[in-house]
Amino acid sequence: MRSAEASAPKYKAHPLKALLFAAAVAMLFGGCASGLTGYYADLRAKIDVEDYEGAAKFVDKSKGKYGKKNILLYYLDSGMTSHLARDYGQSTKKFELAKEKFAEYYQKSITAGAVSMIYNDNSMPYYGENYERVHITVFEALNYILLGEDNEAVVEARQADTMFRTFAVEKNYKNFYKDDGFIRYFMGIIYENGGYLNDAHISYYMALKAYQNGIANVPVPKDLINDAYTSALKLGMPERADEIKKEFPNARRNDIQAGYGECIIVDYNGFMPKKVDNILEFALFDIWPYINQVEVDDSKEAKEFDQARSVVISAFASDYVKVAFPKYENIPNKVKSFRVNTEDARGRKRDSYMAQNLAEVARKCMNDELGKIYAKTLARAAVKYAVGKSVSKAVTDNSNSNWGTLTQIAFNVYNSMSETADKRAWHTLPENILMTRVFLPAGPSEIEIEFLDAYESVIKTKTIAVDIKEGKKNFVVLRSAVQ
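The shown structure was predicted, so the numbers you read here are calculated from the model rather than taken from an experiment. (Residues numbered from 1 in each chain as written. Predicted model: local features only at pLDDT ≥ 70, side-chain atom pairs only at ≥ 80, totals over all residues. Heavy atoms only, no water.)

Asks: For the packing of helix 12 (residues 222-234) against helix 13 (residues 238-247), give the residues involved together with the corresponding values.
Replies: Look at helix 12 against helix 13: their axes get within 8 Å of each other, and the N-to-C directions meet at 155 degrees. For the element pair helix 12 / helix 13, the angle class is roughly antiparallel. When you trace helix 12 past helix 13, the crossing you get is left-handed. Residues Ile225, Ala228, Tyr229, Ala232 and Leu233 of helix 12 pack against Arg240, Ala241, Ile244 and Lys245 of helix 13. Of the residues belonging to the contact of helix 12 with helix 13, the class tally is seven nonpolar, no polar and two charged. (Axes fitted to C-alpha atoms, helices over the stretch in contact; angles between N-to-C directions. Helix = DSSP H or I, 4+ residues; strand = E, 2+ residues; numbered from the N terminus. Parallel < 35°, antiparallel > 145°, perpendicular 65-115°, else oblique. Left-handed = near helix turned anticlockwise from the far one by under 90°. Contact = heavy atoms within 4.5 Å. Nonpolar A, V, L, I, M, F, W, Y, C, P; charged D, E, K, R; others polar.)

Here is the structure:
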């Protein structure tokens, strides 16, 4: 007599069921990253109306949306929104956590690479970009300056210097982003504000070279030229001053007059371009091929429509391959510059200039990596295709053609659902940073700021209260964006 265990029929799972389970897992792997696209639209809406406290609270309440793999983005967004909300202590705390996460990831081997070959790059932690890492020091330095802790701001300047030395030697001196004119320029101001004139001059001088050789295509600011020239003269370096004057004939000494202080206005303008899916699909039907290229916006409706379309096509195709690459898409912003409508010590109204073009930096950095992105994406598509054909053939050989066909369909649908570009980035960064510097009488006063469009027409006006300290650099931070 056989036992009950021996007589019980053994259950044998079909490969198709395992595959469908894998497809569901694939959706979960990409879920957090894709869910952030709509979230960022809501966050931008709060920043657009200058509800910075609401934006900071919204980020903190949404920590769970980021997930463990995107925790770095949470720290960056929380640090930025707290900075805009003038909660400088909280902002610094979150930026320090972001630095720790960058340091943890920096030397870490990408062990999730094998997983990304099966699912997509969103299955890996977001490791961040070098330009994102170094720009933390700008916002933290301003946090300290606005809290009256000038020496702490100098620490951020030194950290930026250390990062650039690291970037320079990384990848055998072939790192694409290894210096930045704006960072050097701004940290020169921080050094000078802290009383470190020699460090300031070195930073100014390096900024001149970095702007000329940089990837952002931003002209060398006149204020920087004057800073480099003036600091050389103050340090008793006539040969260096002559060198600067020869290269920039309009350079002039720019000292703060008695009874005045310098007001440095920094405007975070616009939003970083968002990443969208640039999708290529190849499908083969019984009598005709199908090739499609489409860019999918980050709205929920567009993504759902495209996914439904892909699933339908893949389900009826005998062969199906889908690849998705990231592509930047601008976020509309009418503000192109601003003007200080209050006369300075020389009776002038000062227009702003672009000091940093973060959108261009981000695009250039991504373009530098496109070869690797293409290679990895195509390799992933090849792996998925090869595995699908092998499994469907094995199922056909071991069961019947119908099961084999269904298995191939399941693989096609899985490919259409799992393939998405990695669109993660520090999206709360501005599109560009505008600056101007004016000399104003010491003491409390108000300055009027006019924000201008591409035709220099006034879009909006803002009045700001300032308290200028004599002989010092005084910082004002603005945020502009008009869709």
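Asks: So what about the sheet that holds strand 5 (residues 337-340)? Which residues, and what values?
Replies: With antiparallel pairing, the four strands of this open sheet are ordered in space as 6-5-9-10. Each end of this open sheet is capped by a strand with a single partner; those strands are strand 6 (350-351) and strand 10 (458-468). (Pairing = 2+ DSSP bridges.)

Asks: Report on the nonpolar core, specifying residues and quantitative values.
Replies: Counting 92 residues, the largest nonpolar core has Tyr131, Tyr177, Phe186, Ile190 and Met435 as the members making the most contacts within it. For this core, the element with the most residues is helix 8 (residues 130-146), which contributes nine residues. Setting aside chain neighbours within four positions, we find isoleucine 190 in contact with Ala141, Ile145, Ala153, Val154, Ala157 and Phe475. Listed in part, the 17 residues of the second largest apolar core include Val340, Val438, Phe451 and Leu478. (Core = buried A, V, L, I, M, F, W, Y, C linked by side-chain atoms within 4.5 Å. Buried < 20%, exposed > 50% of the residue type's maximum accessible area, 1.4 Å probe, protein only.)

Asks: Outline the sheet that holds strand 11 (residues 473-480), supporting the account with residue identities and numerical values.
Replies: Here we have four strands laid out as an open sheet, ordered 7-8-1-11, and mixed in their pairing. At either margin of the open sheet sits one strand with a lone partner, and together these are strand 7 (353-356) and strand 11. The sheet shows a mean angle of 35 degrees between the axes of neighbouring strands, direction not considered. Pairing geometry for strand 1 (residues 260-269) and strand 8 (residues 432-441), over ten bridges, is antiparallel. By the bridge assignment, cysteine 263 is partnered in strand 8 with valine 438. Strands strand 1, strand 7, strand 8 and strand 11 of the sheet are contacted by helix 10 (residues 181-193), whose axis makes an angle of about 145 degrees with strand 11.

Asks: Help me get a handle on the side chain of asparagine 269, residues and values and all.
Replies: Within the secondary structure, asparagine 269 is located in strand 1. Given a relative accessible area of 0%, asparagine 269 falls into the buried group. Within the local environment of asparagine 269, its side chain forms a polar contact with the backbone oxygen of valine 335, the two atoms lying 3.1 Å apart. Contacts of asparagine 269, omitting those with residues within four sequence positions, involve Asn333, Val335, Pro430, Glu431, Asn432, Leu434, Arg479 and Ser480. (Polar contact = N/O pair within 3.5 Å; in protein donor to acceptor, adjacent residues only side chain to side chain.)

Asks: Hey, could you go over helix 8 for me, with residue numbers and the actual values?
Replies: Its 17 residues place the ends of helix 8 26 Å apart at the C-alpha level, agreeing with the 24 Å of an ideal helix rising 1.5 Å per residue. Buried residues dominate helix 8, accounting for 16 of its 17 residues. Positive backbone phi, at 80 degrees, marks glycine 148, one or two positions downstream of helix 8. (Expected span 1.5 Å × (residues − 1).)

Asks: Quick rundown of the pattern of salt bridges? Include the residues and the values.
Replies: Counting across every chain of the model gives 26 salt bridges. In this structure, the salt-bridge partner of lysine 94 is aspartate 60, at a minimum N-O distance of 3.2 Å. Of the two residues, lysine 94 sits in helix 6 (residues 88-106) while aspartate 60 sits in helix 3 (residues 52-61), which places them 34 residues apart along the sequence. Here lysine 94 falls in the buried class, since its relative accessible area comes to 7%. With its nearest N and O atoms 2.9 Å apart, the salt bridge here joins arginine 339 to aspartate 351. Placement of arginine 339 in strand 5 and of aspartate 351 in strand 6 is noted, with a sequence separation of twelve residues between them. (Salt bridge = Lys/Arg side-chain N within 4 Å of Asp/Glu carboxyl O.)

Asks: So what's going on with the packing of aromatic side chains? Which residues, and what values?
Replies: Scanning the model with the defined rule gives 17 aromatic pairs in all. Ring geometry for tyrosine 66 and tyrosine 74: centres 5.6 Å apart, planes at 65 degrees, overall edge-to-face. Residue tyrosine 66 shares its accessibility class with tyrosine 74, and that shared class is buried. Summarising the aromatic geometry, the rings of tyrosine 105 and tyrosine 127 are spaced 4.8 Å apart at their centres and angled 65 degrees between planes, so their arrangement reads as edge-to-face. (Phe/Tyr/Trp six-rings, centres within 6.5 Å; stacked < 30°, edge-to-face > 60°.)

Asks: Which residues make up helix 12, and what are the values?
Replies: Counted at 1.5 Å a residue, the expected span for helix 12 with its 13 residues is 18 Å, and the 18 Å between its end C-alpha atoms agrees. A large share of helix 12 lies buried, amounting to ten of its 13 residues. When we look at burial in helix 12, the residues that qualify are Asp223, Leu224, Ile225, Asn226, Asp227, Ala228, Tyr229, Thr230, Ser231 and Ala232. With its phi angle positive at about 70 degrees, glycine 236 sits one or two positions after the end of helix 12.

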